[in-house]
Every structure is written in C-alpha cells, then in structure tokens.
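Structure at a glance
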Amino acid sequence: MAKKDDDRSTPPPLPEPLAVAVADSHTHLDMQDGTPAEGLAKAASVGVTTVVQVGCDVRGSRWAADLAAEFEAVHAAVALHPNEAPRIFLGDPDGWSGQHRAPGGAAALDEALAEIDALAALPQVKAVGETGLDYFRTGPEGTDIQKESFRRHIEIAKRHGKALVIHDRDAHEDVIAVLLEEGAPERTVFHCYSGDAAMARTCAEHGWYLSFAGPVTYKANHALREALAVTPLDRVLIETDAPFLTPHPFRGRPNAPYLIPVTLRAMAAHRGIGEDEMATAIAANTARAFGY
Ligand SMILES: [Zn+2]
Ligand SMILES: [Zn+2]
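Residues numbered from 1 in each chain as written. Chains lettered and ligands numbered in written order. Predicted model: local features only at pLDDT ≥ 70, side-chain atom pairs only at ≥ 80, totals over all residues.

**Notes on the overall build of the protein chain**
Scanning the protein chain from N- to C-terminus turns up ten helices and eight strands. In terms of overall size, the protein chain behaves like a compact globule, its C-alpha atoms giving a radius of gyration of 18 Å where 292 residues would be expected to give roughly 19 Å. Put simply, the protein chain has 292 residues, and 50% of those count as buried. In the protein chain, the share of contacts with a sequence separation of at least 24, taken over all contacts with a separation of at least 6, comes to 71%. (Helix = DSSP H or I, 4+ residues; strand = E, 2+ residues; numbered from the N terminus. Rg over C-alpha atoms; globule rule 2.2 N^0.38 Å. Buried ≥ 20, exposed ≤ 12 C-beta atoms within 10 Å, placed from the backbone. Contact = placed C-beta atoms within 7 Å.)

This is the structure we're talking about:
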C-alpha cells in the first residue's frame with residue numbers, strides 16, 4: 001500500500017538546508033504550484049536564496065522581468081523557446097501557450113523578437129534564453145526557424161552584454177556549430193546540460209558554463225556524470241528546471257527550487273568533494289555567469 005508520502009502529486013519533503021547558499025540557475029516559477037513568494041521562501045529556507053526565472057515566450061518573458069523587478073532574490077532570463085519560435089512562424093493550435101493559432105510568418109517572429117530585445121535591455125534581466133535548438137519536440141519543418149531564432153537571440157545577448165542561456169535537446173552538434181559561426185557571447189550557459197564528457201571538454205575549452213539538473217541523479221545517466229566529472233569546477237552550475245526533472249529519489253513528483261540541495265549533494269558525492277565546497281563554487285559561478 002502506498003504511503004501518502006509516495007503519492008506522485010505530493011511535493012517531496014524539505015531537504016536538510018545547505019550551509020552555503022546557492023542559486024537555482026534555471027526555473028519556471030510560473031508553472032509551479034503556489035505563489036512565487038511561497039516558492040522563494042521555501043527555497044530560501046534550505047539555502048537556495050537566488051533563482052533565475054526563465055521566460056519561454058513573450059508573455060512569460062514579461063512575467064519574468066516583472067518578477068525580477070519585484071523580488072531581490074530573482075533574476076530574469078527572456079526569450080522565445082526553441083519550440084515557441086516555429087509556433088509563432090508556422091502557427092500551432094496545440095502549442096503550450098495557445099497564443100499562436102494562425103501562421104504569423106516572418107513579421108510575427110520579428111515582432112516577438114523586438115519585444116524580447118526590449119526586455120533584454122532591462123537591468124533585472126540578466127540573460128537571454130532559453131534559446132537554442134530542440135529536435136525532440138520540433139520536427140524538421142521547424143529547424144530553419146529555430147536556427148534563425150537562435151542566431152537572433154545570440155545577437156541580442158551580445159548587443160546588451162547579457163548571458164546566453166541555451167536549450168539543447170538532441171541537437172548538440174548543431175547548437176555548437178551555430179554558436180561558433182555567430183561567435184558565442186562572453187557568458188554562455190548550457191541549461192540542463194545533456195551532452196557527454198567529450199562535449200563537456202569542448203564547452204570547457206570555450207569557457208562555457210554547464211548547468212546540471214535532476215537527470216544527473218538518475219541511475220542510467222552515466223555519461224552525464226562523466227561529463228560532470230570532467231567539467232572544470234569553475235564552470236559548473238546547478239538548476240531545477242522546475243516543475244520538470246525532479247531529482248532522484250523523487251522523480252515524477254513536482255519539482256521546485258527548494259529541491260536543489262538533493263541534486264547538489266549527489267553532484268558533490270560524484271565529484272568526491274564536500275557539499276560546502278561544491279556549493280561555494282556553484283554560488284560564485286552563477287553570480288559570474290549571470291553578472292549579478
Ligand atoms: Zn529548456
Ligand atoms: Zn526551462
């Protein structure tokens with residue numbers, strides 16, 4: 001018989017607080033239960049005192065910028081998600097936002113990017129992203145639009161001197177190719193890093209940051225832990241990507257920034273260092289990567 005605590009809809013318990021405070025470098029508070037103030041207080045109670053709130057479309061990006069203006073603990077990232085850009089261009093009644101029921105073409109994409117550009121200028125917006133390529137959710141008909149949108153976001157990040165947050169799903173080689181063609185911004189973050197150790201070495205050569213999420217704790221993901229092991233300690237970030245990707249042993253239950261300590265402890269154990277050392281590095285890295 002399942003105990004109440006095993007219920008998949010029950011939030012996992014509060015972990016032991018971290019002694020050294022860190023940031024959740026990538027979260028979506030607008031998709032989580034409860035108010036942002038509650039989520040931030042719960043996170044702060046276990047030493048997760050800062051979050052980067054990431055927008056995925058124009059509306060979500062505005063929301064992120066507003067939240068970051070309201071809360072000291074929040075920094076914003078703004079962008080059209082790589083699955084959103086083709087929806088704006090091609091139209092998609094089943095899209096997550098439901099905003100783009102008719103094909104908008106290049107003019108609609110331009111208009112949306114102009115809004116992202118304006119938001120990127122705000123002081124509380126520390127990053128442009130998540131942008132990049134997603135070949136898992138978007139089919140070949142959207143590839144060119146994703147690449148164009150990715151290039152435009154890279155340009156916006158560089159012009160405003162903001163960090164770039166990359167979403168890369170099943171598109172490692174093309175993401176790196178576009179980055180190198182355009183010239184990566186000085187501060188570039190691979191969110192929810194999903195490559196192997198060889199790719200991590202490539203990223204390290206370019207000084208890019210790798211942000212590890214819940215999957216680094218999943219039993220089958222040996223290649224991801226090998227990547228963590230070879231990433232220079234000064235380029236390691238941590239994130240929840242909540243409400244998605246809840247760390248082991250709570251996989252399948254709702255994720256939120258307060259669960260960062262679970263992933264951080266697994267990462268420290270895998271690297272064979274203490275959790276305070278891991279947290280100290282991550283705290284400094286996140287502040288450096290996002291420039292706050
Ligand atoms: Zn993502
Ligand atoms: Zn995300």
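From this point on, the discussion continues.
**Some details on helix α5 (residues 143–160)**
The first and last C-alpha atoms of α5 sit 26 Å apart over 18 residues, in line with the 26 Å expected at 1.5 Å per residue. Residues of α5 that are buried: Q146, K147, S149, F150, R152, H153, I154, I156 and A157. Along its buried surface, α5 packs onto α3 (84–90), α4 (105–120), β4 (125–134), β5 (163–169) and α6 (172–182). Immediately downstream of α5, the backbone of G161 shows phi near 65 degrees, a positive value. (Expected span 1.5 Å × (residues − 1).)

**What about the packing of α4 against α5?**
Axis separation between α4 and α5 bottoms out at 10 Å; the angle between their running directions is 25 degrees. One way to sum up the angle between α4 and α5 is to call them roughly parallel. Seen along the crossing, α4 lies across α5 with a hand that is right-handed. On α5, the residues touching L109, L113, I116, D117 and A120 of α4 are S149, R152, I156 and H160. Partitioning the contact of α4 with α5 into residue classes produces five nonpolar, two polar and two charged. (Axes fitted to C-alpha atoms, helices over the stretch in contact; angles between N-to-C directions. Parallel < 35°, antiparallel > 145°, perpendicular 65-115°, else oblique. Left-handed = near helix turned anticlockwise from the far one by under 90°. Nonpolar A, V, L, I, M, F, W, Y, C, P; charged D, E, K, R; others polar.)

**A short note on the pairing of strand β3 (residues 74–78)**
Taking burial as the measure, the five residues of β3 include five buried ones, the bulk of the element. On β3, burial covers both faces: V74, A76 and V78 on one face and H75 and A77 on the other are all buried. The pairing of strand β2 (residues 48–54) with β3 spans four bridges and is parallel. Bridge pairing in β3 places Q53 opposite A76. (Pairing = 2+ DSSP bridges.)

**Details of the sheet that holds β2**
By definition, the strands of a sheet pair up through backbone hydrogen bonds, in either a parallel or an antiparallel sense. Pairing within the open sheet is parallel, and its eight strands lie in the order β1-β2-β3-β4-β5-β6-β7-β8. Both outer strands of the open sheet, β1 (22–27) and β8 (236–238), are each paired with one neighbouring strand and no more. Each adjacent strand pair in this sheet contributes to an overall mean axis angle of 30 degrees, direction not counted. Bridge count for strand β7 (residues 209–212) against β8 is three bridges, and the pairing is parallel. Paired with F212 across the strands is I238, a residue of β8. Its contacts with the sheet put helix α2 (residues 58–70) on β2, β3 and β4, and the angle it makes with β3 is roughly 160 degrees.

**So, the nonpolar core**
Among the nonpolar cores identified, the biggest contains 85 residues, and A77, V78, I116 and L164 are the most heavily contacted of them. If we ignore the near neighbours within four places in the chain, the residues touching L164 are A127, V128, G129, I154, A157, A184, P185, T188 and V189. (Core = buried A, V, L, I, M, F, W, Y, C linked by C-beta atoms within 7 Å.)

**Re α4**
Given a rise of 1.5 Å per residue, 16 residues ought to cover 22 Å, and the 23 Å separating the end C-alpha atoms of α4 matches this to within 8%. Where α4 is concerned, the buried positions are L109, A112, L113, I116, L119 and A120. Looking straight down α4, one finds its buried side chains confined to an arc of 110 degrees; they lie on one side. Within α4, the exposed residues directed more than 90 degrees away from the buried face are A107, D110, E111 and A114. Turning to α4, the residues buried within the fold contact α2, β3, α3, β4 and α5. (Arc of directions from axis to C-beta.)

**So, the environment of A69**
Within the secondary structure, A69 sits in helix α2. Counting along the chain gives ten residues from A69 to R59, while the straight-line C-alpha distance between them is 16 Å.

**Observations concerning the pairing of strand β6 (residues 188–191)**
One face of the sheet, then the other: side chains in a regular strand alternate in exactly this way. Going residue by residue along β6, you find T188 and F190 tucked away on one face and V189 and H191 tucked away on the opposite face as well. The pairing of β5 with β6 spans four bridges and is classified as parallel. Across the sheet, the residue bridging to H167 is H191, located in β6. You can see the chain leave β5, run along α6 and come back into β6, and the turn it takes is right-handed. In the sheet, β6 pairs with β7 via two bridges, with the strands oriented parallel. Paired with F190 across the strands is L210, a residue of β7. (Right-handed = clockwise from strand over helix to strand, strands pointing away.)

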